[in-house]
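Structural overview for review
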Amino acid sequence: MSRSAHPAGPRHADVLPEGHYSAPPADLNSLDPKVWSETVTRDADGVLTVGGIDVKRLAEEYGTPAYVLDEDDFRSRARAWRTAFGDNADVFYAGKAFLSRAVVRWLNEEGLNLDVCSGGELATALSAGMPAERIAFHGNNKSVAEIRRAVEAGVGRIVLDSFQEIVRVAHIARELGTRQRVQIRITVGVEAHTHEFIATAHEDQKFGIPLAGGQAAEAVRRALQLDGLEVIGIHSHIGSQIFDMSGFEVAAHRVVGLLKDIRDEHGVELPEIDLGGGLGIAYTSDDDPREPHEIAKALTEIVTRECEVAKLRTPRISVEPGRAIVGPTAFTLYEVGTVKPLDGLRTYVSVDGGMSDNIRTALYDAEYSVSLVSRSSDAEPMLTRVVGKHCESGDIVVKDAFLPGDLAPGDLIAVPATGAYCRSMASNYNHVLRPPVVAVKDGQARVIVRRETEEDLLRLDVG
Ligand code: LLP
């Protein structure tokens, strides 16, 4: 488990004290398969290779910083989720974690569906040929134009997030002479993060319609009356970076309870439930994520059991993993620029990127690991903080990390498990250019998202 708390929200950031770090690993050259993608290894010279290509070559050809994405690893994780849930369930990859047209094509080929949460993500999905019926459209404040576009395209489902949106989508669908398949997102009063969850009566946050106070039941009542909508199910998403299944258990119990109330009141058994995403990955060797087949088994058993008790037909389940598919598939490759020992404290290692390519450390107090990858080293471990090049002292990439004591400018270091929410949350802070995403496979590398250029920046600045 990560020592710092919840990587997707500052609320739990006080579980362990500031500056808490473990002892150096026995071998700084070893690459823990839990945090690195499946084709990563060190060659005979100690250089890290991925997809059959060494990082020195990648740095020469594509520059640094760069996100390096292991296509085989992405595909096999996508496939593992798909296979684990089988034909009676649907896996929607959450595009917010990382979306590009190449990724959309891989998902399509591997038989996954796609969850999008903005017009931009929808446009990317459609432009890369994802069939609209396999797209779910999310968001707590979709614009009228976005809804119209989604309905016109024929998306498989829109996940309704508020009372206003129920009416808005129904109205647009009617205008367009169609009936839109929708799910209603509810908040079940469960908040789960990492290895803890809290079940409360009410959730103080912006998503969904609370189950509490009969609001969710009222939303279903209204949606069922509208011609423009076909209500296919209930949606619940309980948090991020979750290892403990008990939060899902409580959520499923409450969602099935609502399905039962709907059946009793309206005589309708809604055919689907979506349990959202949020499944955790290993950012450091301390994290112990579950395998997709264990998660599928646990979720299916929970829903089946709850439905048996409620005497309901088991609905079709869907899930929306983002991080668990793309997170472990990529690392960020940086070049060391300066190494600054601060007596009695630690050594600051500055890299050529920073909070613009990985905001998660600054935003969520997230933990990462880091390794020297352009060579191996037998030097003693030194305690470092890996920082970026931004004009901000909170510009930290890895807060506490052990790196070899002979680390020097020009060395390449890499931060694993940056596939999710790093490129997708990247910024141009300080007018730093966003790095490319380079996909590697079978000894070949190709840029799937190119590096930003100064021309890109200046094109938006119309003077
Ligand atoms: N489905 C819904 C409705 C969601 O809101 C999310 C994430 C997911 C699926 C995918 O969750 P995942 O499996 O990737 O954890 N930017 C943050 C996380 C915010 C996630 C928001 N919703 C981070 O960097 O950790």
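Small disclaimer: the values here were computed from a predicted structure and weren't measured. (Residues numbered from 1 in each chain as written. Predicted model: local features only at pLDDT ≥ 70, side-chain atom pairs only at ≥ 80, totals over all residues. Heavy atoms only, no water.)

Here we look at the overall build of the chain
To keep it simple, the criterion reads: Each helix corresponds to a stretch of at least 4 residues labelled H or I by DSSP, and each strand to a stretch of at least 2 residues labelled E; elements are numbered beginning at the N terminus. As a reference, a globule follows 2.2 Å times the number of residues to the power 0.38, and the radius of gyration itself is taken over C-alpha atoms. Relative accessible area decides the class of each residue, using a 1.4 Å probe on protein chains only: under 20% of the type maximum gives buried, over 50% gives exposed, and in between gives partly exposed. For the accessible areas, the method is Shrake-Rupley and the probe is 1.4 Å, while residue cover comes only from the protein chains on display. For the charge count, each Lys or Arg is scored as positive and each Asp or Glu as negative, with His and the chain ends excluded. For charged residues, the charge sits on one atom: NZ in Lys, CZ in Arg, CG in Asp, CD in Glu.
When helices and strands are tallied, the chain shows 12 helices and 24 strands. Its C-alpha atoms give the chain a radius of gyration of 23 Å, within 12% of the compact-globule value 23 Å for 463 residues. In terms of overall dimensions, the chain has a C-alpha envelope of 70 × 45 × 40 Å along the principal axes. Among the 463 residues that make up the chain, the fraction classed as buried is 55%. Within the structure as shown, the chain displays about 19100 Å² of accessible surface, and the carbon and sulfur contribution to it stands at 49%. Of the side-chain charges in the chain, 50 are positive and 69 negative, and the distance between the mean point of each set is 5 Å.

Some points on the domain arrangement of the chain
Using the following cut-off: For each domain, the first and last residues come from an automatic or database assignment. Should any heavy atoms of two residues lie within 4.5 Å, those residues are considered in contact. By definition, the buried area sums, over both parts, the 1.4 Å-probe accessible area that each loses when the two are put together. A pairing counts as a salt bridge when a side-chain nitrogen of Lys or Arg comes within 4 Å of a carboxyl oxygen of Asp or Glu. Residues adjacent in sequence count toward polar contacts only when both atoms are side-chain atoms; beyond that, a polar contact is any pair of N or O atoms within 3.5 Å, and within protein one must be able to donate a hydrogen and the other to accept it.
When the domains of the chain are assigned, the result is domain 1 (41-70 + 328-457) and domain 2 (71-325). Between domain 1 and domain 2, the contact holds 22 residues from the first and 18 residues from the second. A per-residue breakdown of the area domain 1 buries against domain 2 is headed by P328, Y421 and K441, which together make up 29% of the total. The partner of K441 in a salt bridge is D72, and the shortest N-O contact between them spans 2.6 Å. The tally of links from domain 1 across to domain 2 stands at 11 residue pairs in polar contact (both at pLDDT 80 or more).

Description of the side chain of T329
Looking at the secondary structure, you find T329 in the loop between α10 (323-326) and β17 (330-342). Note on T329: relative accessible area 0%, which makes it buried. Apart from residues no more than four positions distant in its own chain, T329 is found in contact with S37, V68, L69, D70, D73, F74 and R77.

Considerations on the pattern of salt bridges
Enumeration over the complete set of coordinates arrives at 34 salt bridges. Where R157 meets D274, a salt bridge forms, and the shortest distance between an N and an O atom there is 3.1 Å. One end of the pair, R157, is in strand β8 (residues 157-160); the other, D274, is in strand β15 (residues 272-274), with 117 residues separating them in the sequence. Using a relative accessible area of 0% as the deciding quantity, one classes D274 as buried. In this structure, a network of salt bridges that share partners links the residues E71, R75, R79, E109 and E110.

A closer look at the site of the ligand
Rule in force here: When we say a residue is near a molecule or strand, we mean one of its heavy atoms is within 4 Å of it.
Around the ligand lies a shell of 19 residues, among which G278, E320, R323, R360 and Y421 are the nearest. Here an oxygen atom of the ligand sits 3.0 Å away from a polar atom, N or O, in the main chain of G322. The separation between an oxygen atom of the ligand and a polar main-chain atom of R323 is 2.8 Å. Contact with the protein chains hides 90% of the accessible area of the ligand, taken as 580 Å² for the molecule alone.

Regarding the sheet that holds strand β11 (residues 196-199)
Convention followed: We call two strands paired when DSSP finds no fewer than two bridges between them. Only the stretch in contact is used when a helix axis is fitted, and all axes are lines through C-alpha atoms; the angle between N-to-C directions ranges over 0 to 180 degrees.
Pairing in this open sheet of 3 strands is mixed, and the strands run β11-β10-β14 from one edge to the other. Of all strands in the sheet, those bounded by a partner on one side alone are β11 and β14 (239-242). Sheet twist, expressed as the average angle between the axes of neighbouring strands with direction ignored, equals 25 degrees. As paired elements, strand β10 (residues 190-194) and β14 share 3 bridges and run parallel to each other. By the bridge assignment, A192 is partnered in β14 with G239.

A closer look at the UniProt feature "binding site: pyridoxal 5'-phosphate" (unreviewed entry) in the chain
We apply this condition: UniProt positions are given in the numbering used here, feature names are shortened, and annotations may be inferred rather than shown by experiment.
Mapped onto this numbering, the UniProt entry gives "binding site: pyridoxal 5'-phosphate" (unreviewed entry) at G278, E320, P321, G322, R323 and Y421. Among the structural elements, G278 can be located in the loop between β15 and α9 (292-310). G278 gets classed as buried once you look at its relative accessible area, which sits at 14%. If we ignore the near neighbours within four places in the chain, the residues touching G278 are H237, G239, S240, Q241 and I242. Tracing the backbone through its elements, the reader meets G322 in the loop between β16 (316-319) and α10. Given the relative accessible area of 5%, G322 is considered buried. Once you skip the residues sitting within four places of it in the chain, G322 turns out to touch Y93, A94, A97 and G327.

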